[in-house]
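So the chains spell out like this:
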Amino acid sequence: MGERQEKVGVNRRERVNTDYDLAYEVRWFFTRLRGGQTTNQIASVDRFGVVRKDDRNSSSDISIERTDTHTYLLNIHGTQDSDSGEYHCVATPWYLSASTGSWTQAGELTSSRIFLTVKFAVWESLQLPLLYGVSASIGVGLFSLVFGLVCAHCCCRNTMHTPRSRNKLMDLEMD
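Remember, it's a predicted structure, so these values are computed and weren't measured experimentally.

Quick notes on the rules
- Here the residue numbering is sequential within each chain, running from 1 through the sequence in written order.
- The predicted nature of this model means local features are confined to residues of pLDDT at least 70 and side-chain atom pairs, given and counted, to a pLDDT of 80 or more, with totals for whole chains, interfaces and linings taken over all residues.
- The side-chain numbers reported here are obtained from all heavy atoms of the structure, hydrogens and water having been left aside.
- The secondary structure listing takes helices from DSSP runs of H or I that are at least 4 residues long and strands from runs of E that are at least 2 residues long, numbered from the N terminus.
- Residue exposure (1.4 Å probe, protein chains only): buried if accessible area is under 20% of the type maximum, exposed if over 50%, otherwise partly exposed.
- Any two residues having at least one pair of non-hydrogen atoms within 4.5 Å are treated as being in contact.
- Here a pair means two rings of Phe, Tyr or Trp (six-membered ring of Trp) with centres within 6.5 Å. Their orientation is stacked below 30 degrees between planes, edge-to-face above 60, and tilted elsewhere.
- Charge over a ring is defined by NZ of Lys or CZ of Arg lying within 6 Å of the ring centre and within 35 degrees of the ring normal.
- Here a polar contact is taken to be a pair of N or O atoms separated by no more than 3.5 Å, where protein atoms must pair a possible hydrogen donor with a possible acceptor and residues adjacent in sequence count only if both atoms sit in side chains.
- Only one rule defines a salt bridge in this text: a Lys or Arg side-chain nitrogen within 4 Å of an Asp or Glu carboxyl oxygen.

> Can you explain the overall build of the protein? Please cite residues and give values.
Scanning the protein from N- to C-terminus turns up two helices and 10 strands. The secondary structure elements of the protein, listed N-terminal to C-terminal, are β-β-β-β-β-β-β-β-β-β-α-α. When burial is assessed residue by residue, the protein has 26% of its 175 residues classed as buried. Restricting the contact set of the protein to residue pairs at least 6 apart, pairs at least 24 apart contribute 56%.

> Please give an account of the packing of aromatic side chains that cites residues and values.
Counted according to the given criterion, the structure contains three aromatic pairs. Here the aromatic rings of Tyr 24 and Tyr 72 are separated by 6.4 Å at their centres, their planes lie at 80°, and the arrangement is edge-to-face. Here Tyr 72 lies in strand β6 (residues 71-77) and Tyr 24 lies in strand β2 (residues 21-31), a separation of 48 residues in the sequence. In this structure Tyr 72 comes out as buried when scored by relative accessible area, which is 5%. Measuring from centroid to centroid gives 4.7 Å for Phe 30 and Tyr 87, while their planes differ by 35°, and the two rings are tilted. Taken together, the residues Phe 30 in strand β2 and Tyr 87 in strand β7 (residues 85-96) connect sequence positions 57 residues apart. The same class applies to Phe 30 and to Tyr 87, which are both buried. If you follow Arg 47 out to its NZ or CZ, it ends over the ring of Trp 94, 4.0 Å from the centre.

> Let's hear about the side chain of Thr 71: which residues, and what values?
Position of Thr 71 relative to the elements: it lies in strand β6. Residue classification places Thr 71 among the buried positions, given a relative accessible area of 3%. A polar contact of 2.9 Å, which involves the side chain of Thr 71, links it to the side chain of Asp 68.

> Tell me about the pattern of salt bridges, and please be specific about residues and values.
Side-chain pairing between opposite charges can occur once the charged atoms of the two side chains come close. Within this structure, the stated rule accounts for four salt bridges. A salt bridge links Lys 53 to Asp 61, with the shortest nitrogen-to-oxygen separation between them at 3.1 Å. A relative accessible area of 46% means that Lys 53 is categorised as partly exposed. Its salt-bridge partner being Glu 86, residue Arg 113 comes within 3.6 Å of it at the nearest N-O pair.

Set out below in structure tokens:
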């Protein structure tokens, strides 16, 4: 039996060697391949570390993880079919000049596009509910059958009834 993928990560790693202090502004974009080719920003982290999540589908959630100085990870939790599409990120380095103390924005770095396909395994997702449903219905059916037979045998027992003789009735009527 296959397991459903609950978490998908999109990793963006940028290496810049410099003597300056460095911060990144990272934005993730999603292009749905069905229903239009529009690219939407789904999440971002500004250079101060503030995370913003934009409107998405209601079935899955995203989180952003910073694993080291130059690595950010986008996680998609509870993936659904609507999460299928192309993902990419754009990182903007910001340098702090030691001499002036001011931040300077460098050119944007764009990642390659990652295509994510979410396959919904119908049979694997229905196996346990079908097994429970069939087992429950067979169990209830057998219990009902046995209970009905026991009740019929014990409670509805036909007691030996001796009918009155017709002669005595006739005698009574004749009087």
